[in-house]
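# Report on the structure
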Amino acid sequence: MPSRAASLHMKRPSFSVSVTTASQLHDAIDRLLPLLRADASHAPAARALAAAAASLRPPSTLLSNRVLHLLSSHQATLSDALALLSSLPSPDVCSYNTLVAALSRSPRGLASARALFDRMPQRDHVSWSAIVSAHARHGQPRAALAFYCRMLQDPGSAGADNEFTASSALAAATAARCVHAGRELHCHVVRRGIDTDAVIWSALADMYAKCGHVDDARSVFDRMPVRDVVSWTAMVERYFDAGRGGEGFRLFVHMLRSGVRPNEFTYAGVLRACAGFTSEKLGRQVHGRMAKSKAGDSCFAESALVHMYSKCGDMGTAMRVFEAMRKPDLVSWTAVISGFAQNGQPEEALHYFDMFLRSGFRPDHVVFVGVLSACAHAGLVDKGLEVFHSIKDEYGIEHTADHYACVIDLLSRSGQFERAEEMINKMSVKPNKFLWASLLGGCRIHKNVRLARWAAEALFEIEPENPATYVTLANIYASVGLFDEVENVRQIMESKGITKMPASSWIEAGKRVHVFLVGDKSHPQAEEIYALLKKLYVKMREEGYVADTGFVLHDVEDEQKEQDIGYHSERLAVAFGIIATPGDSPIKVFKNLRICGDCHTTIKFISRIVKREIIVRD
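Along each chain, numbering runs from 1 in the same order as the chain's sequence is written. Restriction of local features to residues with pLDDT of at least 70 applies here, the model being predicted, together with a cutoff of 80 or more for giving and counting side-chain atom pairs; totals for whole chains, interfaces and linings are based on all residues. To obtain the side-chain values, all non-hydrogen atoms of the structure were used and water was disregarded.

## Examining the overall build of the chain
Put simply, DSSP marks the helices as runs of H or I at least four residues long and the strands as runs of E at least two long, and each gets a number from the N terminus on. A count of helices and strands for the chain gives 32 helices and 6 strands. For every residue, the accessible area (1.4 Å probe, protein chains only) is compared with the maximum for its type, and the residue is labelled buried under 20%, exposed over 50%, or partly exposed between those bounds. A total of 618 residues make up the chain; the buried ones form 49% of that total. Any two residues whose heavy atoms approach within 4.5 Å at even a single point are treated as in contact. Long-range contacts, defined here as pairs at least 24 residues apart, represent 62% of the contacts in the chain between residues at least 6 apart. Within the structure as shown, the chain displays about 30400 Å² of accessible surface, and the carbon and sulfur contribution to it stands at 53%. Areas reported as accessible are Shrake-Rupley estimates using a 1.4 Å probe. Residue values count occlusion only from the protein chains shown.

In structure tokens:
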């Protein structure tokens, strides 16, 4: 029986309990634990409860461990938990495990967790799994693998080598992107016979995929004894992440034929891939299947639908999906705002941002990227800067490198290079490649050679093998007649083995995707395409079109430049779209590189002449 009673007063919610028995203490711990996890103001109550538990005679190891678990559940009482552990006459392995896991929650506590782990008189699989996974989680995967090897060599830890510790080690090999260690672990779990657990199979497939060996991941997947919707979804997404969309889509179809019903995460992953590969036709088929299943009612999947249609240039359908949603969430609002910005409708993006704010949602950093992008496309410098400053001043969100990149894009597009340079020099985060590319793009528009060199040098350090930087810099030199510098850039590219990525454009027509390169005459309807373009150019000149040959790199005669620019891949795709698609449907063309300014102007002329809506996504 206890020698005295303890009265605990706990706030938010407020209640009082008189603790007189071990059973009442256990009940009080159950009630206090979720409150302490959520709010440090309950720390005094937890300390009082710990004092009450310490007064019980004889002391109970089970009760002591439960109090340890309570005190270690919040940073505010973690030091009390450590003090309690030191005072226990005979702590068991569970006592130590509780504190090792608690200390391992943050990177700052990892050293203390390791020191406590090393003092443990005995360790079980929970101990080893906690210390291995903690190091992998906090960016020290090599140390995690070293701990796993140490476990295998420890005679007293034979029982710890099971599926739990092995999956933690596989997570470490994945984090280290070390396929050699992963293969050794694969062989080890097979030899030990612990490869029957679904967690191990999943960890193996994940390790191979993230180490760049997707075929090995597929081999593991094919040998899984049980494949549920989670494992199918994961394997489909591994193909998408590796850029192997065709195989990912084929596996998704195989999944459907196998009788496994996709869930909202499956659909969302496939729709994201449709967006990335601009496969609107397949996206529509997925949409149709979703509509017939309960998974289609998920806000998560519906947001992915909005994103897919907006990425494929169909804001009309994207908005119909959005407006049909019962409760649009932050992700769906962001997809709409970003979709309008990316599809050249900045006024609509800003309109929906205002609606979003009035709806009561609190914006996050991603929403602001879409809003700032809209301001950049519309040339709204003052509005963009107002939004940028509100991110921190009004909403308390720290500026990200992407926010700065959008503002630099806004300023450099409008030719305000002094303000752009000043902002870069004063920004609170390190500039990323998107910022420097935005500045370089602005320099291309306004022929600012000095800042173009600065931006290009920064990009050469970040991604030295990216041909786009070299080509853009050479274009800027060519636009101001610095052809010696152009030749110098070409020689550098040649010496480094860097080749310009060929520009290509594609369009869906019928049941095929038609791909075009610059000056391409391989298409079966090439003669018809070129004849149509010639007729269109005649009408364009009658309406005042003059080719902007500044977008041609070569130092050649203007007539040759005009001929070179006249058959860019996107123009061929647009002409084919006019021929091959119904007259009342929009023409949607996609390009792997940025469209040049003259093609942008040309396609606007063509759209007016043929009275067709033309969407080009670059």
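That shown, we press on.
## Focus: the side chain of Thr-98
Position of Thr-98 among the secondary structure elements: in helix H5 (residues 93-103). When its relative accessible area of 16% is taken as the criterion, Thr-98 is described as buried. What Thr-98 contacts, discounting residues up to four positions off in sequence, is Leu-68, His-69 and Ser-72.

## What about the pattern of salt bridges?
Salt bridge, as used here: a side-chain nitrogen of Lys or Arg that lies within 4 Å of a carboxyl oxygen of Asp or Glu. Tallying each qualifying case throughout the model produces 28 salt bridges. Ionic pairing is found between Asp-215 and Arg-244, a salt bridge with its closest N-O pair at 2.7 Å. Separated by 29 residues along the polypeptide, Asp-215 in helix H12 (residues 214-222) and Arg-244 in the loop between helix H13 (229-241) and helix H14 (245-257) bring together distant segments of the chain. You can call Arg-244 partly exposed: its relative accessible area is 24%. The salt bridge partner of Asp-222 is Arg-218, with a shortest N-O separation of 2.9 Å. Separated by 4 residues within a single helix, Asp-222 and Arg-218 lie in helix H12, roughly one turn from each other.

## Some remarks on the sheet that holds strand E5 (residues 587-591)
In short, DSSP must find at least two bridges between two strands for them to pair. Spatially, 4 strands are ordered E4-E3-E5-E6 in an open sheet, and the strand pairing comes out mixed. The sheet terminates laterally at strand E4 (512-517) and strand E6 (614-617), the two strands that pair on one side only. Pairs of neighbouring strands in the sheet enclose a mean axial angle of 25°, with direction left out of account. Pairing between E5 and E6: 4 bridges, direction parallel. Pairing of Ile-587 across the sheet is with Ile-614, part of E6. Between N-to-C directions, angles cover 0 to 180 degrees, with each direction set by a line fitted to C-alpha atoms, over the stretch in contact for helices. Lying on the sheet, helix H31 (residues 569-580) is in contact with strand E3 (504-509), E4, E5 and E6; it crosses E3 at an angle near 15°.

## Observations concerning the pairing of E4
As paired strands, E3 and E4 are joined by 6 bridges and run antiparallel to one another. When the sheet's bridge partners are listed, Ile-507 is paired in E4 with His-514. With antiparallel pairing between neighbouring strands as the criterion, E3 and E4 make up a hairpin whose turn holds 2 residues, including Gly-510 at a positive phi of roughly 65°.

## Things to note about the environment of Thr-469
Residue position: Thr-469 is located in helix H27 (residues 467-479). In sequence terms Thr-469 and Ala-437 are 32 residues apart; their C-alpha atoms lie 7.8 Å from each other. Beyond its immediate chain neighbours, meaning those up to four positions away, Thr-469 contacts Leu-440, Ala-456, Leu-459 and Phe-460.

## As for the layout of surface pockets
As a volume, the second largest pocket reaches approximately 440 Å³. Put plainly, a pocket is an open set of points on a 1 Å grid over the protein atoms alone with protein on both sides within 12 Å along at least five of seven lines, a cavity is a set where a 1.4 Å probe fits but cannot get out, and a lining residue has an atom within 4 Å of a point. Forming the boundary of the second largest pocket are 20 residues, of which Glu-280, Arg-284, Glu-508, Pro-586 and Lys-588 lie nearest the centre. Only helix H16 (280-291), E3 and E5 provide two or more residues apiece to the lining of the second largest pocket. Per-class residue counts for the lining of the second largest pocket are 8 nonpolar, 5 polar and 7 charged. Grid points are joined across faces, edges and corners, and a volume is the space filled by probe spheres set on the points. When residues are grouped by polarity, Ala, Val, Leu, Ile, Met, Phe, Trp, Tyr, Cys and Pro land in nonpolar, Asp, Glu, Lys and Arg in charged, and all others, Gly among them, in polar.

## Focus on the side chain of Asn-432
Looking at where Asn-432 falls in the secondary structure, it is placed in the loop between helix H24 (417-426) and helix H25 (433-446). Note on Asn-432: relative accessible area 17%, which makes it buried. Contacts described as polar in this section are N or O atom pairs within 3.5 Å, which, within protein, must combine one atom able to donate a hydrogen with one able to accept it, while residues neighboring in sequence count only if both atoms come from side chains. Within the structure, Asn-432 has its side chain in polar contact with the side chain of Asp-402 (distance 3.2 Å). For Asn-432, the residues in contact, after removing those within four places along its chain, are Ala-401, Asp-402, Ala-405 and Ile-462.

## Considering helix H17 (residues 299-311)
Here H17 is 13 residues long and its end C-alpha atoms lie 18 Å apart, about the 18 Å a rise of 1.5 Å per residue gives. Of all the positions in H17, only Ala-301, Glu-302, Ser-303, Ala-304, Leu-305, Val-306, Met-308, Tyr-309 and Ser-310 are classed as buried. Elements in contact with the buried residues of H17: helix H15 (264-276), H16, helix H18 (315-324) and helix H19 (330-342). Of the residues one or two after H17, Gly-313 is the one with positive phi, at around 80°. Expected helix span is given by 1.5 Å per residue-to-residue step, counting one fewer step than there are residues.

## Topic: a negative patch on the surface
A cluster of acidic residues, Asp-382, Glu-386, Asp-393 and Glu-394, forms a negative patch on the protein surface. Owing to a relative accessible area of 51%, Glu-386 belongs among the exposed residues under this scheme. Residues enter patches when their relative accessible area tops 30% and they take part in no salt bridge; the joining distance is 9 Å for like charges and 5 Å for the nonpolar side chains Val, Leu, Ile, Met, Phe, Trp and Tyr. Note on charges: Lys and Arg go in the positive column, Asp and Glu in the negative column, and His and the chain ends are not counted at all. Throughout, a charge is located at the NZ atom of Lys, the CZ atom of Arg, the CG atom of Asp or the CD atom of Glu.

## Some details on the packing of aromatic side chains
When the centres of two rings from Phe, Tyr and Trp lie within 6.5 Å, Trp using its six-membered ring, the rings pair. Their planes under 30 degrees apart give stacked, over 60 give edge-to-face, and anything left gives tilted. Within the structure shown, the criterion is met by 22 aromatic pairs. Pairing Phe-265 with Phe-300 gives two aromatic rings, centres 5.1 Å apart and planes at 55°, and the pair type is tilted. On the criterion of sequence distance, the pair formed by Phe-265 in helix H15 and Phe-300 in helix H17 is long-range, its members being 35 residues apart. Among the residues examined, Phe-265 registers a relative accessible area of 44% and is labelled partly exposed. The class for Phe-300 is partly exposed, based on a relative accessible area of 39%. Following the ring pairs from residue to residue traces out a cluster consisting of Phe-322, Trp-333, Phe-353, Phe-356, Phe-361, Phe-368 and Tyr-395. Geometrically, a charge over a ring is one whose NZ (Lys) or CZ (Arg) sits within 6 Å of the ring centre while staying within 35 degrees of the ring normal. Its end group placed over the ring of Phe-117, Arg-123 keeps NZ or CZ at 4.7 Å from the ring centre. Above the plane of the ring of Phe-605 lies Arg-608, whose end atom (NZ or CZ) is 4.9 Å from the centre.

## Here's the deal with the UniProt feature "repeat: PPR" (unreviewed entry) in the chain
UniProt positions are given in the numbering used here, feature names are shortened, and annotations may be inferred rather than shown by experiment. Within this structure's numbering, the places UniProt gives as "repeat: PPR" (unreviewed entry) are residues 92-127, 197-227, 228-262, 329-363 and 466-500. This span, residues 228-262, is 74% helix and 0% strand, and a straight line between its end C-alpha atoms measures 10 Å. Spanning residues 329-363, this segment combines 74% helix with 0% strand, and its end C-alpha atoms are found 11 Å apart.

## A word on H18
Among the residues of H18, those classed as buried are Met-315, Thr-317, Ala-318, Met-319, Val-321 and Phe-322. Buried residues along H18 sit in contact with H16, H17, H19 and helix H20 (346-358).

## What about the packing of helix H22 (residues 381-393) against helix H23 (residues 401-413)?
Put simply, H22 and H23 touch, their axes get as near as 10 Å, and they point 165° apart. On the basis of their axis angle, the class for H22 and H23 is roughly antiparallel. H23 is crossed by H22, and the crossing has left-handed handedness. In contact with Val-381, Gly-384, Leu-385, Phe-388 and Ile-391 of H22, H23 contributes His-403, Tyr-404, Val-407, Leu-410 and Leu-411. Residue classes in the contact of H22 with H23 are distributed as 8 nonpolar, 2 polar and no charged. Between 65 and 115 degrees an angle is taken as roughly perpendicular, under 35 as roughly parallel, over 145 as roughly antiparallel, and anywhere else as oblique. A crossing counts as left-handed when the near helix is turned anticlockwise from the far one by less than a right angle, and as right-handed when that turn is clockwise.

## Examining the packing of H31 against helix H32 (residues 597-610)
One can describe the packing of H31 onto H32 by two numbers: an axis separation of 10 Å at closest approach and a directional angle of 15°. Considered as vectors, H31 and H32 are oriented roughly parallel to each other. Our pair here, H31 against H32, has a crossing hand that is right-handed. In contact with Glu-570, Arg-571, Val-574 and Ile-578 of H31, H32 contributes Asp-598, Cys-599, Thr-602, Ile-603, Ile-606 and Val-610. Grouping the constituent residues of the contact of H31 with H32 by class yields 6 nonpolar, 1 polar and 3 charged.

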